[in-house]
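What the coordinates show
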Amino acid sequence: MKFFSSHVRTALALLVLIGVSSTLLAYAHPLDVLPGFGEPGHKAAEVLVSTAMATAVILSVYWATTFLHMRREIAHRTLAQAQALELAQHDALTGLPNRRKFQTAFPNLTGNLAPGVSRAVMMLDVDGFKPINDVYGHAFGDSLLRSFAGRIQDTVGPHGFVARLGGDEFAIVTPQFTDRSEVSSLARQLLTRTQESFDLGTRRVSIGTGIGISIFPDDGYSASELLRRADIALYRAKTSGRSAYRFFEVDMDATILHRTLLEQRLRRAIDEKMVNVFFQPILDLETQGIIGFEALARWTDRDFGEVAPTQFISIAEDSGMIAELADGLFREACETAVTWPNDLFLSFNISQVQLHDRNLPLKIMAALSETGLTPDRLVLEVTETAIMRNPNSARVILDQLAAANIKIALDDFGTGHSSLSFLRDLPINTVKIDRSFTCKMAHNKECAAIVEAVLVLSEGLGLNTVAEGIEQTEVLERLHKSGCHQGQGFLFGAAAPADKIPAMLELARQVRDGQAAGPGSGTDLPALDAATVPQVAALPEPAPAVETRKVM
């Protein structure tokens with residue numbers, strides 16, 4: 001409507017201007033002073049001619065002005081559209097190209113490669129970025145991402161391409177190369193550069209990253225396919241250890257498909273409460289009586305069968321299901337523990353994700369209150385690796401739990417980032433000796449020496465000790481003589497469901513009263529069918545270099 005009225009006003013103005021101009025030309029013509037030129041017939045002709053001339057001149061000026069204005073407007077709009085498109089293809093936080101720009105730029109980067117020349121696509125992210133965001137705030141996290149992006153750009157150089165795909169995920173198209181070793185060299189440089197401390201304001205943080213690599217054209221031609229395969233390789237790199245890189249391999253596709261199917265099944269299993277709590281007895285090595293149970297997660301799928309805890313706990317943590325899974329298992333374990341004699345305790349594992357949840361103490365106390373289990377009967381197990389992710393945050397949470405009269409156990413001691421300062425500064429009551437040392441101590445001098453050293457250290461600090469993975473009578477006797485207080489393992493019985501606990505306790509009573517043979521005689525304490533019970537004494541851990549994963 002505005003457009004129409006504007007043009008109507010312009011047309012009327014032009015008509016008035018033409019009319020005035022033609023009238024002036026007709027009645028003020030310089031030839032009117034000559035005889036015969038002022039007669040009426042001549043005047044009419046002059047009006048017509050003047051009108052035509054005025055119309056031609058005014059319209060020519062109008063259309064020339066309009067054309068110039070339209071050219072300027074089109075140029076302005078074209079520039080604005082180009083600027084808007086450029087902004088839409090770049091990340092506002094880091095200034096890097098975004099995923100859309102990566103997709104459009106990739107064909108130009110790979111379109112004219114000479115024979116024997118390739119490029120690689122790298123995927124990388126910031127290890128532990130979410131806890132950093134949670135602890136220090138989003139403004140600090142944004143500053144860290146900008147600094148991280150700057151280091152990547154500087155390392156890759158002007159002949160490569162760096163983009164931020166979203167969150168803490170970045171993608172790189174490497175400079176051209178003729179040998180894969182050049183890509184490996186760049187990956188190592190990136191890992192070294194990003195591992196250096198970041199000084200942001202008054203804080204200094206250290207982070208790690210993993211890098212997944214796919215090769216153009218060996219692993220694919222499209223940007224989407226190469227990103228997908230680099231992402232698969234990134235997952236494998238992160239499971240290999242902190243700050244590692246991996247090239248894509250064909251068999252990784254099958255692995256990721258298997259993992260995806262497991263994740264879908266696990267989500268359904270959690271909803272339908274098909275992940276169960278099993279309990280493994282913990283014994284006093286002096287009396288060989290049961291003094292508590294460790295709760296362990298077990299899941300059997302109808303197609304995959306018994307799924308190892310290391311698999312589904314890892315999936316739960318990576319997919320964000322760990323909180324729901326852990327909360328349900330903890331409440332179930334507490335409800336079972338309430339039915340035991342009051343002198344028995346419940347030991348429960350806290351995952352590394354949960355340990356940095358500020359609301360964890362409140363969740364624990366709420367579950368204890370609702371189930372009726374007293375805090376002094378609860379032992380929470382944490383790993384060294386989980387503490388190392390953010391020692392300050394872990395210290396605050398563990399102090400709150402200890403203040404509520406909940407005992408804290410340092411699990412898998414010696415397998416992670418061992419630090420004696422943990423034992424001194426954190427409210428640790430118990431040290432659990434990892435089964436990787438206990439199982440081998442009868443035949444391996446180094447493992448035996450480590451166990452002996454841990455026992456001496458714990459005694460000096462006044463800490464309780466629990467040896468995991470006791471499977472041989474010889475090991476049991478050696479641990480007992482060395483002053484180990486408590487133990488658990490197949491020699492005493494594998495983890496079992498809650499309905500088997502009464503039988504365990506009754507047999508333990510008979511052993512204590514001399515009515516039945518104990519572990520030292522070669523008879524397992526609980527009368528369980530080993531073929532029907534998952535043969536895992538504790539959640540199996542990856543190699544020491546890998547972050548350990550346990551469920552709460």
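Scroll up a little and you will see the structure.
In short, a report on the structure.

Scanning the model with the defined rule gives 0 disulfides in all. Among the cysteines around C447, which has no disulfide bond, C439 carries the closest sulfur, lying 9.3 Å off. On the basis of relative accessible area, C447 is assigned to the buried category, the value being 9%.

A rise of 1.5 Å per residue sets the reference length of helix α3 (residues 99-110), with its 12 residues, at 16 Å; its end C-alpha atoms lie 17 Å apart and thus fit the reference within 8%. The set of residues buried in α3 consists of F102, A105, F106, L109 and T110. In a view along the axis of α3, the buried residues occupy a sector of 130°, so they form one face of it. For α3, the elements touching its buried residues are β1 (119-126), β2 (161-166), β3 (169-173), β6 (209-216) and α7 (223-240). One side-chain oxygen at the N-terminal end of α3 lies 3.2 Å from the backbone nitrogen of R100; it belongs to N98.

Moving on, we get to the packing of helix α5 (residues 138-156) against helix α6 (residues 180-195). When two helices pack together, their arrangement is given by the angle between their axes and by how far apart the axes lie. Relative to each other, α5 and α6 sit at 145°, their axes nearing to 10 Å. Taken as a pair, α5 and α6 cross one another with a handedness that is right-handed. Here F148, R151, I152, T155 and V156 of α5 come into contact with α6, specifically with L186, Q189, L190, R193 and T194.

In this model, F216 is joined to P217 through a cis peptide bond whose omega is 5°. Its location among the elements puts P217 in the loop between β6 and α7. At K273, a position not held by glycine, the phi torsion is positive, near 55°. Note that K273 resides in the loop between α8 (251-271) and β8 (275-284). Among the residues examined, K273 registers a relative accessible area of 68% and is labelled exposed. Of note, Q288 is a non-glycine position whose phi angle comes to about 55°, a positive value. Mapped onto the secondary structure, Q288 falls in the loop between β8 and β9 (289-301). Classification of Q288 as partly exposed rests on a relative accessible area of 22%.

The strand order across the open sheet built from 5 strands is β2-β3-β1-β6-β7, with neighbouring strands paired in mixed fashion. With one partner strand each, in any of the chains shown, β2 and β7 (245-247) form the two edges of the open sheet. When strand polarity is set aside, the average angle formed by the axes of neighbouring strands in this sheet is 20°. Bridging between β2 and β3 involves 5 bridges; their strand directions are antiparallel. By the bridge assignment for β3, G166 is matched with E169. Its contacts with the sheet put α6 on β1, β3, β6 and β7, and the angle it makes with β6 is roughly 160°.

So, on to the nonpolar core. V275 and L346 are the most contacted members of the largest nonpolar core, which totals 78 residues. Ranked by the residues each element gives to this core, the list is headed by helix α10 (residues 322-337), at 7 residues. Beyond its immediate stretch of four places on either side in the chain, L346 contacts F279, F293, A295, A333, C334, A337, W340, L373, R377, L378 and V379. Grouped together as the second largest cluster of nonpolar side chains are 31 residues, V162, L191, I207 and I213 included.

For the structure on display, the rule yields 19 salt bridges. Between E294 and K432 there is a salt bridge whose closest N-O contact spans 3.2 Å. Here the residue E294 occupies a position in strand β9, and K432 occupies one in strand β14 (residues 430-433), the gap between them amounting to 138 residues. Among the residues examined, E294 registers a relative accessible area of 0% and is labelled buried. Among the ionic pairs, K363 bridges to D357, the shortest N-O distance being 2.9 Å. Here D357 falls in the partly exposed class, since its relative accessible area comes to 23%.

This paragraph deals with the side chain of T174. By the secondary structure assignment, T174 is in the loop between β3 and α6. What makes T174 buried here is its relative accessible area of 1%. Setting aside anything within four residues of it in sequence, one finds T174 in contact with R119, A120, M122, H159, G160 and L186.

Moving on to the side chain of T465. Its location among the elements puts T465 in strand β15 (residues 464-467). Those residues within four positions of T465 in sequence are excluded, and the remaining contacts are V431, L455, S458, G483, C484, H485 and Q486.

About the thresholds
Residues numbered from 1 in each chain as written. Predicted model: local features only at pLDDT ≥ 70, side-chain atom pairs only at ≥ 80, totals over all residues. Heavy atoms only, no water. Disulfide = S-S within 2.5 Å. Buried < 20%, exposed > 50% of the residue type's maximum accessible area, 1.4 Å probe, protein only. Helix = DSSP H or I, 4+ residues; strand = E, 2+ residues; numbered from the N terminus. Expected span 1.5 Å × (residues − 1). Arc of directions from axis to C-beta. Contact = heavy atoms within 4.5 Å. Polar contact = N/O pair within 3.5 Å; in protein donor to acceptor, adjacent residues only side chain to side chain. Axes fitted to C-alpha atoms, helices over the stretch in contact; angles between N-to-C directions. Left-handed = near helix turned anticlockwise from the far one by under 90°. Pairing = 2+ DSSP bridges. Core = buried A, V, L, I, M, F, W, Y, C linked by side-chain atoms within 4.5 Å. Salt bridge = Lys/Arg side-chain N within 4 Å of Asp/Glu carboxyl O.

Read these as layout, nothing more, since geometry by itself doesn't imply function.
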